[in-house]
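# Fold and geometry: a report
So the chains spell out like this:
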Amino acid sequence: MHKKALALAAALTLAGGVAQAQQMVFTSWGGTTQDAQTEFWAAPYSEKTGTNVLQDGPTDYGKIKAMVEAKAVNWDVVDSEFDWALQAGKAGLLEPLDFNVIDKSKLDPRFVSDYAVGSFYYSFVIGFNPANFSGDQPKTMADLFDTAKFPGKRTFYKWSAPGVIEAALLADGVAADKLYPLDLDRAFKKLDTIKSDIIWWEGGAQSQQLLASGEAPIGFFWNGRLAALAADGMPVGISWENNITAADALVVPKGAPNKDAAMAFIAEATSAKAQADFAAKTGYAPINTGSPELMDAEVRKTLPDTQTGTQINADMAYWAEHRDEIGTRWYAWQAQ
Amino acid sequence: MLLDFDKLGLWKWILSAICALMALFLLLPILFIVALSFGNSRWLIFPPPGWTLKWYHDLFADPRWLSAAFTSAKIALVVMVLSVALGLLASLALTRGTFRGRAVLRAFFLTPMVLPVVIIAVALYAAFLRLGLNGTFVGFVIAHLIVALPFSVITISGALETFDPSIEDAAILCGASPWEARFRVTLPAISHGLFSAAIFSFLISWDEVVLAIFMASPTLQTLPVKVWTTLRQDLTPVIAAASTLLVGLTAILMIVAALIRKGKSR
Amino acid sequence: MLSFLSQGRRGSGWGMALPALLLLLAFFVIPVAGLLSRSVTEPQPGLQNYETLLGSFTYIRIFLNTFLVSGVVTLITALIAFPVAWALAIMSPRIASVLFAVILLSMWTNLLARTYAWMVLLQQTGLVNKLLMGLGLTSQPLQLTNNLIGVTIGMVYIMLPFMILPLYGVIRKIDPAILQAAALCGATKGQALRRVLLPLAAPGIASGALMVFVMSLGYFVTPSLLGGTSNMMVAELIVQQVQSLVNWGMGGAAAFILLVVTLALYALQLRLFDAEAR
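Residues numbered from 1 in each chain as written. Chains lettered and ligands numbered in written order. Predicted model: local features only at pLDDT ≥ 70, side-chain atom pairs only at ≥ 80, totals over all residues. Heavy atoms only, no water.

### Structural notes on the UniProt feature "domain: ABC transmembrane type-1" (unreviewed entry) in chain C
Residues annotated by UniProt as "domain: ABC transmembrane type-1" (unreviewed entry) correspond here to residues 63–269 of chain C. Segment residues 63–269 of chain C splits into 81% helix and 0% strand. End C-alpha atoms: 22 Å apart. (UniProt positions renumbered as here; feature names shortened; annotations may be inferred. Helix = DSSP H or I, 4+ residues; strand = E, 2+ residues; numbered from the N terminus.)

### Considering the nonpolar core
By size, the foremost hydrophobic cluster in this structure holds 195 residues, and its most contacted members are W86, L88 and Y116 of chain C. Of the residues that make up this core, three or more belong to each of domain 1 (5–55) and domain 2 (61–265) of chain B. With residues up to four places along the chain from it excluded, the contact list for L88 of chain C reads A96, L99, F100, I103, I164 and Y168 of chain C. Of all hydrophobic cores here, the second largest spans 96 residues; its members include W75, F111, A216 and A269 of chain A. (Core = buried A, V, L, I, M, F, W, Y, C linked by side-chain atoms within 4.5 Å. Buried < 20%, exposed > 50% of the residue type's maximum accessible area, 1.4 Å probe, protein only. Domains from an automatic or database assignment. Contact = heavy atoms within 4.5 Å.)

### Here's the deal with the domain arrangement of chain A
Residues and elements named next belong to chain A. Along its sequence, chain A is carved into domain 1 (17–121 + 247–306) and domain 2 (122–245 + 318–335). The C-alpha centroid of domain 2 is placed 26 Å from the C-alpha centroid of domain 1. With 21 residues of domain 1 at the contact, the number on the domain 2 side is 18 residues. Of all residues in domain 1, the largest losses of buried area upon contact with domain 2 belong to D83, Q87 and Y284, amounting jointly to 33% of the total for that side. Here domain 1 and domain 2 share two salt bridges between them. Here E81 ties to R323 by a salt bridge, and the two come within 3.9 Å at their closest N and O atoms. Counting across the interface, domain 1 meets domain 2 through five residue pairs in polar contact (both at pLDDT 80 or more). Breaking the side of domain 1 that touches domain 2 down by element, the ones donating at least two residues are α2 (31–49), α4 (82–90), β4 (117–128) and β8 (237–251). Per-element tally for the side of domain 1 that touches domain 2: the top contributor is α4, with four residues. (Buried area = accessible area lost by both parts, 1.4 Å probe. Salt bridge = Lys/Arg side-chain N within 4 Å of Asp/Glu carboxyl O. Polar contact = N/O pair within 3.5 Å; in protein donor to acceptor, adjacent residues only side chain to side chain.)

The structure is reproduced here in structure tokens:
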């Protein structure tokens, strides 16, 4: 029994011994994106406030819901998809943001709501390995879905989110301004035609790896991940034709333990400088209207906010409203 | 004839070939991961264009890896001590007790080993959310203890069964108290069982992924959780570097265990 | 067993089991029971979760996948493990100890490390495909990950030691004289194998197979890393329902079905093999 008592005592002291310095937790999607968020958002914030920012991930909506319901939240700021943030705000999963701390006058109004502000915005674009397509190179959504003309596995985002469904409809000939409300039957029918050739990517790093290793010579990617691959010296082809934009959001789960720190962190992360630095590093567009003037003109050319010609903005409000319904169908279809 | 290797004729070569292929199959991923950890391709292209120590450098430069390893070791040590202690008591009850239903109790003690870990993980996750134990050191220890305990019970009660309790009786006849007899006679005699139970419990906790994924919090992550999240998010060769170190550690532990056994048999 | 002194009177000794018993009650039995009860209470009381699970081909396919993969993994491990265990039992101890070291090293190497290695090895441009193409066995790279082939390879790798070790124990205990007797009676090697060695090793094969099968049923890590989305296994379904969809009812129902199958097989194993051991 002596041993047991000792061990128990040890267990208790260890559990109580967590560092007491002021700290908060920021959760995001990992990889090069979170590295940049750490470098350009968290580090300056910590320097200014002395608050240590712990990084966690990946963002997991189920976990947020479970934590909020159990009143055991340990994430303070979460990088989520914008449509999820809109829906979760309505569902009571999020804290309202404190706009006395966060200056919303400088933020792109498309990405501001009571419960969420934009984190950055990105485009889904067609990416491919030029070595695999020496003749014609894929350009349109129809090409992305044409396995005869462009053979090989293609990789798509695994989770139910704006992007892939729109791409399927565009490939099937739906006009860009007639996408919403989404015709799900038609979209899944189109996806069925290439289903056996799809490899799903779960996270940005996996998408990069699939393309770089040749596992999937073509696919539908977050533009920033392709930019990172190119910066790494990998041969990457990008088609911006009909690129579909969606945004990430910064949110505070209801009952977050360090709410004040969370608001201050969001204020820092959405400041012109932090957004500009982040955009330059990742290839994602800033949501602060003051950021572009701080950026190098050459760098700006590779960002989604300069690729507006055939660009399509995914309808966040539509997605927020139909997220569950689409999700249920999406996962059932995937599992079939 | 079938149990004499040299009289097997042609079959001897077939069996040898199968063994060689199996050894190759078992070694391939381990050797591969070592090679991968020195390759300089960020995107796991193999064979890599060149060689580098960058991933080891990254590994040691990132304090989260070290702190995860440290957390794992702490949890595994506490689990090891508790698992052996509880396992010893339970085994004594199972092998020395005279109460009814011992077979049922034994089967019950082993169920956490049989039941898919995923069920235990999800169930504990739900319970711990309510108890506020999620993401705590105590929660981790309890979760790992549940799955480690059956292995302790098996190895310790196995050792107890081969030990003749009349030796304990003799000690008592010579004037020792029953507990004294247990501590000074029985325990040393089954020390190899306790030792294996300790090693098993440590390794089970050290290596455990599924429970840990559910128990982990931003402030408390074990090494497997760190590997798992990195695998899902980053896929960087840093994982190969970490894995290589783990393989090395396993090999060293095995050699140490073999040396101890050798030393004993002499 | 003449131990009257240390054992005390009849009915004693259960107190020592109490700490472990309480631990398991509080943190194993009650949580698992709680999970299962949610399958019939959430979102509303009733059996609708089971109806959804067993009434749709989507979910039935997940169960079929699980049984299929577990069955194939069990079969392949048995086919490899029998000759290996047989050879181990009779070859020179020095070579055998080298093989044992290899088996133990792979068994104790971190599970994620091994699975990670297979993820990279099996991809289209991976070493295995390059090897197969180099040998002229295939002209196109084969799809070996993100499907059940990958899961099967990864699981066979993990399960092999669990089959080899018990089988080795059984074969080692077989008295060579029995096989000599068979030879004296004029049996050929093939006959001796079929009619003497295999039947004698059968209990070992059966208990190893049952163990591998049961372990495979509930496996999570390998299927989720090497498998594809369209070929889920039950453990993945449970985690998806609980973690991503926060649908405790469905997660609990899937867990309950898995639990019943597992415990039934465990009971079978206890009956079959414990009876023998006594």
